[in-house]
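Chain and residue survey
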Amino acid sequence: YGSTLTASSVDARVLASLLERYDTALHSHMTMLGVDPTMLTTQWFLCLFVHCLPFSTALRVWDCVLLAGAQGPASTRGGHGADVLLRVALALLRAHRSPLLRARHAGEFVRIMVEATRSVEDADALLRLAFRPGGFLSRRELSTLRAAHHQAVEAELERIQVL
């Protein structure tokens, strides 16, 4: 992800875009509460879910990341293995959407996700949700979203460096 965490920031924005597109209620609720996806994804993506999922479940996610990476080189802006991380993140949020929609503030939202991810013992169910047949996340869609958000993040970094 690099020293500026550009790819992590890009993927957090991609996740927000995916939620906006595919689960508007959850996206709107997060926005209303002031929950920025980076509140969750920074640890998820940088630590490959090892600090939030049970270890056996995290290992299964790693298997998918490594398998996806073995399929060949992806864009330098993320891809393949990073696609797996996005799919799992989206699956985690959607799997726990009911309690998340009842959260009354950002802290409660984050607490619900922290507690929920610790109890994901059924790796098969999580990965079925992340990679369901006929799933809506194509590599092309993710690449397009990453490219758009990459430009925005790079512009923000340049603006910050000027200050």
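Summary of the structure given here.

1. Overview of the side chain of Arg87
If you trace the backbone, Arg87 turns up in helix H5 (residues 81-95). The buried charged residue Arg87 lacks any salt bridge partner; its closest oppositely charged side chain belongs to Asp83, at an N-O distance of 6.1 Å. Among residues more than four places away in sequence, those in contact with Arg87 are Ala130, Phe131 and Leu137.

2. Here's the deal with the side chain of Asp83
Mapped onto the secondary structure, Asp83 falls in helix H5. Among the residues examined, Asp83 registers a relative accessible area of 6% and is labelled buried. A polar contact of 2.6 Å, which involves the side chain of Asp83, links it to the side chain of Arg146. Excluding residues within four positions of it along the chain, Asp83 makes contact with Arg139, Leu142 and Arg146.

Parameters at a glance
Along each chain, numbering runs from 1 in the same order as the chain's sequence is written. Owing to the predicted nature of the model, reporting of local features is limited to residues with pLDDT of at least 70; listing and counting of side-chain atom pairs is limited to 80 or more, with chain, interface and lining totals taken over all residues. Side-chain numbers come from the whole structure's heavy atoms, not from hydrogens or water. Numbering goes from the N terminus for both helices and strands, where a helix is a DSSP run of H or I of at least four residues and a strand is a run of E of at least two. Summary of the burial criterion: residues with accessible area below 20% of their type's maximum are buried, those above 50% are exposed, and those between are partly exposed, where the area comes from a 1.4 Å probe applied to protein chains only. In summary, the charge assignment counts Lys and Arg as positive and Asp and Glu as negative, without counting His or the chain termini. For this document, the term salt bridge refers to a Lys or Arg side-chain nitrogen within 4 Å of an Asp or Glu carboxyl oxygen. Only heavy atoms matter for contacts: two residues are in contact if any of them lie within 4.5 Å across the pair. The term polar contact refers here to a pair of N or O atoms within 3.5 Å; inside protein, the definition further demands a hydrogen-donor-capable atom paired with an acceptor-capable atom, and it admits residues adjacent in sequence only when both atoms are side-chain atoms.

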